[in-house]
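Here is what each chain is made of, one letter per residue.
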Amino acid sequence: MSQFFRIKCPSCGNVADVAGTGLPCGNCKSPLNLPEDGVIQIYRMGSPMGIAVGMGIYLNENPLGHLANAETIRIPVPYGHYKLHMTHGANRKCKDVEFDITPEERVVYVKAHLKMGFISNTVVLEKVTGDTMPQP
Ligand SMILES: [Zn+2]
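Quick notes on the rules
Residues numbered from 1 in each chain as written. Predicted model: local features only at pLDDT ≥ 70, side-chain atom pairs only at ≥ 80, totals over all residues. Heavy atoms only, no water. Salt bridge = Lys/Arg side-chain N within 4 Å of Asp/Glu carboxyl O. Helix = DSSP H or I, 4+ residues; strand = E, 2+ residues; numbered from the N terminus. Buried < 20%, exposed > 50% of the residue type's maximum accessible area, 1.4 Å probe, protein only. Domains from an automatic or database assignment. Contact = heavy atoms within 4.5 Å. Buried area = accessible area lost by both parts, 1.4 Å probe. Nonpolar A, V, L, I, M, F, W, Y, C, P; charged D, E, K, R; others polar. Pairing = 2+ DSSP bridges. Donors = N, O, S within 2.8 Å, 3.2 Å for Na, K, Ca; no water. Tetrahedral: all angles 85-135°; square planar, octahedral: opposite > 155°, others 65-115°. Core = buried A, V, L, I, M, F, W, Y, C linked by side-chain atoms within 4.5 Å.

Student: Requested: an account of the pattern of salt bridges, with residues and values cited.
Tutor: Applying the stated criterion across every chain yields a total of three salt bridges. For K83, the salt bridge is made with D96, and the minimal N-O distance between the two is 3.7 Å. Of this pair, K83 sits in strand β9 (residues 80–88) while D96 is found in the loop between β10 (94–95) and β11 (97–101), placing the two residues 13 residues apart along the sequence. Classification of D96 by relative accessible area gives partly exposed; the value is 29%. K127 is the partner of E105 in a salt bridge, and the nearest nitrogen-oxygen pair spans 2.9 Å. Placement of the pair is E105 in the loop between β11 and β12 (107–115) and K127 in strand β13 (residues 122–128), with a sequence separation of 22 residues.

Here's what the structure looks like:
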């Protein structure tokens, strides 16, 4: 599993994977301090469909880069309510997932997979328990 955290620079909006807190943004060099309340971990299930296309990640409408096939990312976040939406190429269809990050539930695990449709495919997001996530 990746030990990196996916974050968006609050100064310039650059989205990057960083190894820890306080490191300089690759774009504007301001220090990136990671929220430490909780983590959203997203795994895209391996699939032979559309593997070349990264899924776009939107957390509370904020774009957070892409997720490759069979890739795991972790997004550090403050406590709060979150809605996760993901897209696949030009396809915006998604079964979103909503959840809260709280002191009782600081880590939320989400699996993403692509469901084939007659006209277009749908990204299906599912909140799961940590023991069903792939091990490092
Ligand atoms: Zn920056």
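Read on, since the account is not over.
Student: Can you explain the domain arrangement of the protein? Please cite residues and give values.
Tutor: Parsing the protein into structural domains produces domain 1 (1–34) and domain 2 (37–132). One C-alpha centre belongs to domain 1, the other to domain 2, and the line joining them spans 19 Å. In this complex, domain 1 contributes 10 residues to the contact, which on the side of domain 2 involves 14 residues. When the two sides are added together, the surface that domain 1 and domain 2 hide from each other amounts to roughly 970 Å², 56% of it contributed by carbon and sulfur. Along the contact surface separating domain 1 from domain 2 lie zero salt bridges. Counted by class, the side of domain 1 that touches domain 2 contains six nonpolar, two polar and two charged residues.

Student: How would you summarise the sheet that holds β12 if you had to cite specific residues and measurements?
Tutor: Strand order in the open sheet made by the five strands is β8-β5-β12-β13-β10, with mixed pairing throughout. The sheet terminates laterally at β8 (72–77) and β10, the two strands that pair on one side only. Note that β10 and β13 share two bridges and pair parallel. Bridge pairing in β13 links K95 to V124.

Student: So what about the coordination of the zinc ion? Which residues, and what values?
Tutor: Protein coordination of the zinc ion is provided by C9 (SG), C12 (SG), C25 (SG) and C28 (SG), with donor distances spanning 2.3 Å. Metal-centred angles of 107 to 113° between the four donor atoms at the zinc ion mark the site as tetrahedral. In terms of primary sequence, the donors binding the zinc ion are separated according to C-x2-C-x12-C-x2-C. Overall, C9 belongs to the buried group, its relative accessible area being 3%. For C12, a relative accessible area of 33% puts it in the partly exposed group.

Student: Which residues make up the nonpolar core, and what values go with them?
Tutor: Counting 23 residues, the largest nonpolar core has L84 and M86 as the members making the most contacts within it. Of all elements in the fold, only β5 (38–44), β6 (55–59), β7 (62–67), β8, β9, β11, β12 and β13 reach the threshold of two or more residues within this core. For this core, the element with the most residues is β12, which contributes four residues. Not counting the four nearest positions on each side in its chain, L84 is found in contact with I42, I57, Y58, L59, D96, V97, F99, V110 and L125.

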